[in-house]
Amino acid sequence: MTKNVTMMQSREDKGAKELKEILKQVRAAQVEFSTYSQETVDEIFKAAATAANSARIILAEMAVEETGMGVFEDKVLKNHYAAEYIYNRYKHEKTCGVIERDEAGGYTRIAESIGVAAAVIPTTNPTSTAIFKALICLKTRNGLILSPHPRAKRCTIEAARIVLEAAEKAGAPKGIIGWIEEPSVALSAELMKESDIILATGGPQMVRAAYSSGKPAIGVGAGNTPAVIDVSCDLRLAAASIVHSKTFDNGMICASEQSVVVLRDVYDAFKKELQALNCQFLTADEKEKLRGVMFENGVLNSKVVGQKAKRIAELCGIQVRDECKILVVEAESSNEQEEEFAKEKLSPVLTMYRATDFGDALEKADELVRGGGFGHTAAIYIDSDKAFERLSKFYEKMKTCRILVNTPAAQGGIGDLYNFRLTPSLTLGCGSWGGNSVCENVGIKELINVKTVAERRENMLWFRAPEKVYFKRGCLDTALKEMGRDGYDRKRAFIVTDQYLYDHGMLDEIMKSLDAQGIAHTEFFDVTPDPTLACAKMGAERMKEFSPDVIIAVGGGSPMDAAKVMWVLYEHPNVDFADLAMRFMDIRKRVYGFPKMGKKSIFIAVPTTAGTGSEVTPFAVITDEGTGEKYPLADYELMPTMAICDVDLMMDIPKKLTAYAGFDALSHAMEAVASLLASDFTNGLAYEAISLLIAYLPAAFTKGREDIVAREKVANAATMSGMAFANAFLGVCHSMAHKLGARWHLPHGMANSLLLVEVMRFNAAPSPEKMGTFPQYAYPDCLARYAKVAKLIGCAGETDAQSLENLIQKIEELQTVLEIPKTIKDALGSHVTEQEFLDSLDKMSRDAFDDQCTGANPRYPLVSEIKEMYLRAYHGRVEK
């Protein structure tokens, strides 16, 4: 006994030394191989595949002779498949160096080999699996060391040797493939530990060992394929396919059917089809005899694996005809704990179940899969057109990575024989269900590391505006004629405005034009400042009753916002506002896809104030009257179809509204200039708008309709600012203004004026705590942008910093002219104490941080920094 142990230990020691040398040899060869070009690798790959293909017969003979399992002719086919189909699938695939290059996108993918792969080879497929793994390793410039099954070592090593010699002859480094001469569990474990990746094909214990080795493993598990026979199927096709599959190599392909679940209505007919194909159904006594031999202590007896049906019957003392192909046992339980024939059998033995209905068939098939083939393969025979609903239920129920329809499972599962999109492979992944890292048919992609080179590129930008923008004094009548037969050919117009504008005749010219064109119209004038969702729903209900094909919004921001929301509700009555208002980082990548607008009606915007820019922007804000929550909506689907900017409608704007709206427009332009998404297109509009507002807003404020030129220039500037920020977006000034105005009921333009200077100083910092994230914004340069504005309006300093201060002084002078308070404290007055304001700061700061506008700010603000800006804006800066 001691002597035997000593001899075994000596062999193990010798094997370990040999393995160490093999690892050294293969690793050195692989380092050289990793430098080979794609062209050279492809020549080696072809030569190796050709050699393996040529040796398919001798290797099949060796496998059957050594293992005593399987069918020689079928093993020839498996060897042929492993060589030919694998080569054909990957012959044009790139696996070396640059495998993908997108110059415009700055995107490159580079393939590199992994290193040395350890391949554990099963006794059931000892040569074809060796060929397969050797070829995919050669194609990917990996070294390979095989650990054969002890009962199949000679044929596996011979397959490896043939591939190696051909590869070396074609130029592969000497010793790129190695093997363990005298395999053992200990040596396999050591190989897996020392390799770079493991290709494990075999039983559950071996797969667990691979995953426990500490190295990346591509392990696949046992199959226990059930095949459901639906009442709609072609029974003859089903029977022939299953017999073809189950007898292939005596049932040793892991994907082959282990059980059939037959619907009761066709059970007897299907049984006859199997019998006609020389399948023998066993009696109850014969079934027990088979059980006693096939499952020793509940474990599959290796003596029956890969044997012919007649040979298995002889081992059990069962009489069968010489032509018997499959032994069929009928069973009731599909639970392998209760019924051993519910297990994988790896032989031409098939278990057959009767299902009372399709639901019962699904439950039985599911239990078979979960019992021993979780994640592997499931099959069904069905009329996929007439019974598509049942087919859908089948593939929804089955937790397997391959679901085969009307296909011999053994041949169909390995791919490219009965479905040409399924990757050819002799290693079939079972996904997480089977404890695997791979759920597909394993191929070359699992054997390469891909380096992705991502070069900085500037994102695609756009410029979007209404289809038409009418401007110049008196353009309203000309623009409205577009509604008729010679333009948009509209029939029914729904006009949205507020009570004041309606009562003061601001709609008269519009209604007169519509009447002249024979366009029916109705008016909704219940919009209030800060319009509510209830108001929008009321308007949408009126729209539903009237069925307009054009919506005309007349007024300032409130009527336009309300009209846009009514438009959404009219076209999409079941929309969820929480979804519409969902925040996004990039409008093109938003989680919620805004519904398509314009199918029922176009949208015409007619501003009567100069500031919001809503007539040319895709934005709207609506307030939930129940919660007080504001829903800011932003999507280009909300872009008006046409904007009509006629200054005649703006002549009598009150002074305060002129001031606040004008400053709102100025803040739009200033934030568009600073925005991460600013572009040449938006800058041109924004810079010109700032120049016009600085030059003409004071006169528009002080003189009103007496200075028509100033009124028109301010109107133009407001629309130009809107077009700029519609495409460049805004920044944290607007975020803070939204929350300040909502909390303390300050006009929006005033809120922006109280914060703009602080935000400009914040953005201009040359070394901010955090910079905004957008590829066009290469480094903090907001100071230079503001300096350019200063130069354009004639207040440039000797340095950029001086230019900024001059620009700020210009803005503060404008505030003085417009009679706008300089601090939040002044704006709030005595009815809000300082403590009340301080108590609101934390929530306002957090809410402003989360505002949609914040994302485009050039300096990414911390909540604490927003709070500091609020405080400085509240108190004002103390002059030093």
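These numbers were taken from a predicted model, which means no experiment stands behind them. (Residues numbered from 1 in each chain as written. Predicted model: local features only at pLDDT ≥ 70, side-chain atom pairs only at ≥ 80, totals over all residues. Heavy atoms only, no water.)

Draft legend 1. Summary view of the overall build of the protein chain. Within the protein chain one finds 31 helices and 25 strands. The C-alpha atoms of the protein chain give 39 Å as radius of gyration, which overshoots the globular expectation for 880 residues (29 Å, by more than 25%). In terms of its C-alpha atoms, the protein chain occupies a principal-axis envelope of roughly 115 × 65 × 55 Å. The buried share among the 880 residues of the protein chain stands at 57%. Considering only contacts in the protein chain between residues 6 or more positions apart, those separated by 24 or more positions represent 76%. Roughly 37,500 Å² of accessible area belongs to the protein chain as shown, and the carbon and sulfur atoms make up 51% of that amount. Counting 103 positive and 119 negative side-chain charges, the protein chain places the averaged centre of each group 4 Å from the other. (Helix = DSSP H or I, 4+ residues; strand = E, 2+ residues; numbered from the N terminus. Rg over C-alpha atoms; globule rule 2.2 N^0.38 Å. Buried < 20%, exposed > 50% of the residue type's maximum accessible area, 1.4 Å probe, protein only. Contact = heavy atoms within 4.5 Å. Areas by Shrake-Rupley, 256 points an atom, 1.4 Å probe, with all protein chains shown as cover. Lys, Arg positive; Asp, Glu negative; His and termini not counted. Charge placed at Lys NZ, Arg CZ, Asp CG, Glu CD.)

Draft legend 2. A look at the nonpolar core. In this structure, Leu740, Leu807, Ile824, Phe837 and Tyr870 are the most contacted members of the largest nonpolar core, which totals 99 residues. If you tally residues by element for this core, the top one is helix α23 (residues 680–703), at 12 residues. Core analysis: the next-biggest nonpolar cluster, separate from the first, contains 61 residues, Tyr36, Met62, Ala63 and Val163 among them. (Core = buried A, V, L, I, M, F, W, Y, C linked by side-chain atoms within 4.5 Å.)

Draft legend 3. The arrangement of the pattern of salt bridges in detail. In the structure shown here, the tally under the stated rule is 40 salt bridges. Among the salt bridges present, the one from Arg161 reaches Glu165, with a minimum N-O distance of 2.7 Å. Of this pair, Arg161 and Glu165 both sit in helix α6 (residues 153–169), 4 residues apart, roughly one helical turn. The class for Arg161 is partly exposed, based on a relative accessible area of 28%. Given a relative accessible area of 43%, Glu165 falls into the partly exposed group. Lys867 is the salt-bridge partner of Asp842, the closest N and O atoms lying 2.8 Å from each other. (Salt bridge = Lys/Arg side-chain N within 4 Å of Asp/Glu carboxyl O.)

Draft legend 4. Molecular detail of the side chain of Thr124. Position of Thr124 among the secondary structure elements: in the loop between β3 (116–120) and α5 (128–139). In terms of polar contacts, Thr124 uses its side chain to reach the side chain of Asn125, at 3.4 Å. Setting aside its immediate chain neighbours within four residues, Thr124 contacts Met69, Lys75, Lys78, Asp249, Met252 and Val305. (Polar contact = N/O pair within 3.5 Å; in protein donor to acceptor, adjacent residues only side chain to side chain.)

Draft legend 5. Seen up close, the packing of aromatic side chains. Tallied over the full model, the rule gives 13 aromatic pairs. Centroid distance Phe33 to Tyr36: 5.2 Å. Interplanar angle 85°. Geometry classified as edge-to-face. Taking the relative accessible area as the measure of exposure, Phe33 reaches 0% and is therefore buried. Put simply, the rings of Phe619, Phe725 and Phe729 pair up and form one aromatic cluster. (Phe/Tyr/Trp six-rings, centres within 6.5 Å; stacked < 30°, edge-to-face > 60°.)

Draft legend 6. Expanded view of the packing of α23 against helix α27 (residues 782–792). Between α23 and α27, the shortest axis-to-axis distance is 10 Å and the interhelical angle comes to 50°. The pairing of α23 with α27 is recorded here as oblique in orientation. Considering how the two elements wind past one another, α23 and α27 form a crossing that is right-handed. Each of Tyr687, Ile690 and Ser691 in α23 lies in contact with α27, whose residues at this interface are Arg785, Lys788, Val789 and Leu792. By residue class, the composition of the contact of α23 with α27 is 4 nonpolar, 1 polar and 2 charged. (Axes fitted to C-alpha atoms, helices over the stretch in contact; angles between N-to-C directions. Parallel < 35°, antiparallel > 145°, perpendicular 65-115°, else oblique. Left-handed = near helix turned anticlockwise from the far one by under 90°. Nonpolar A, V, L, I, M, F, W, Y, C, P; charged D, E, K, R; others polar.)

Draft legend 7. Seen up close, helix α30 (residues 834–849). Between its first and last C-alpha, α30 extends 22 Å over 16 residues, near the 22 Å set by a 1.5 Å rise per residue. Its axis deflected by about 40° at Leu841, α30 carries its strongest bend there. Along α30, the residues classified as buried are Phe837, Ser840, Leu841, Met844, Ser845 and Ala848. Elements in contact with the buried residues of α30: α25 (732–744), α29 (824–828) and α31 (863–875). (Expected span 1.5 Å × (residues − 1). Bend = angle between axes of the 7 residues up to and from the residue.)

Draft legend 8. Highlighting the sheet that holds strand β21 (residues 550–555). Here we have 6 strands laid out as an open sheet, ordered β18-β25-β22-β21-β19-β20, and parallel in their pairing. Sheet topology places β18 (468–471) and β20 (520–527) at the edges, where each strand pairs with a single neighbour. For this sheet, the mean angle separating the axes of adjacent strands, direction not counted, is 15°. Where β21 meets strand β22 (residues 602–607), 6 bridges bridge the pair, whose relative direction is parallel. Paired with Ile552 across the strands is Ile604, a residue of β22. (Pairing = 2+ DSSP bridges.)

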